[in-house]
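# A closer look at the structure
Read off the chains here:
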Amino acid sequence: QVQLEESGGGLVQAGGSLRLLCAASGSSFSINAMGWYRQAPGKQRELVATVSSGNSNYADSVKGRFTISRDNVKNTVYLQMNSLRTEDTAVYYCNIKWTSRNGFLYNSWGQGTQVTVAS
């Protein structure tokens, strides 16, 4: 089993920055992809950014403002968020797609961290 621990959310003024962190722990697993999703009140969960094998993918709404990065040694994924806007306010969820020792594919979610951007 894989556990995800998120940190870094909080309250920030519009135009400010935050950095989210998600660390994966467990035994005998191989991470295929890591990413961040978000869910604002009354809205569906949406993709923010993903990274796999050195390739990154971003939602159009965050391109040029957010940067996703990954530390393969620490099994950690980061999301640097700059030039934050009020519409970025949401609960941000870490997501990893991983393969077990037996070759089964899994999809795991973090508990979520609140990001609030004040005007």
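It should be noted that the structure appears before, not after, this text.
Residues numbered from 1 in each chain as written. Predicted model: local features only at pLDDT ≥ 70, side-chain atom pairs only at ≥ 80, totals over all residues. Heavy atoms only, no water.

### Some points on the side chain of threonine 76
Which entries qualify depends on this criterion: Only runs of H or I of at least four residues qualify as helices and only runs of E of at least two qualify as strands under DSSP, and these elements are numbered from the N terminus. For each residue, the accessible area found with a 1.4 Å probe, counting protein chains only, is set against the maximum for its type, and the residue is called buried under 20%, exposed over 50%, and partly exposed in between. N or O atoms within 3.5 Å of each other form a polar contact, as long as, within protein, one can give a hydrogen and the other can take it, and as long as residues adjacent in sequence are counted only when both atoms are side-chain atoms. Residues count as neighbours in contact if any of their non-hydrogen atoms are within 4.5 Å of one another.
Examined against the element boundaries, threonine 76 turns out to sit in strand β8 (residues 76–81). Classification of threonine 76 as buried rests on a relative accessible area of 4%. From its side chain, threonine 76 meets the backbone oxygen of lysine 74 in a polar contact 3.0 Å long. If near-sequence neighbours (up to four positions away) are discounted, threonine 76 is found in contact with Leu21, Cys22, Ala23, Met34, Ser69, Arg70 and Asp71.

### Examining the packing of aromatic side chains
For the record, the criterion: A pair of aromatic rings is counted whenever rings of Phe, Tyr or Trp (Trp by its six-membered ring) have centres within 6.5 Å, and the orientation is called stacked for planes under 30 degrees apart, edge-to-face for over 60 and tilted otherwise. By definition, being over a ring means that NZ of Lys or CZ of Arg is both within 6 Å of the ring centre and within 35 degrees of the ring normal.
Scanning the model with the defined rule gives 3 aromatic pairs in all. With a centroid separation of 5.0 Å and 70° between ring planes, the pair formed by tyrosine 37 and tryptophan 109 is classed as edge-to-face. Separated by 72 residues along the polypeptide, tyrosine 37 in strand β4 (residues 29–39) and tryptophan 109 in strand β10 (residues 105–109) bring together distant segments of the chain. Classification of tyrosine 37 by relative accessible area gives buried; the value is 16%. Each ring, one from tryptophan 98 and one from tyrosine 106, has its centre 4.6 Å from the other, and the planes form 20°; the classification is stacked. Sitting over the face of the ring of tyrosine 93, arginine 45 holds its NZ or CZ atom 3.7 Å from the ring centroid. A cation sits over an aromatic face here: arginine 45 above tryptophan 109, 4.6 Å from the ring centre.

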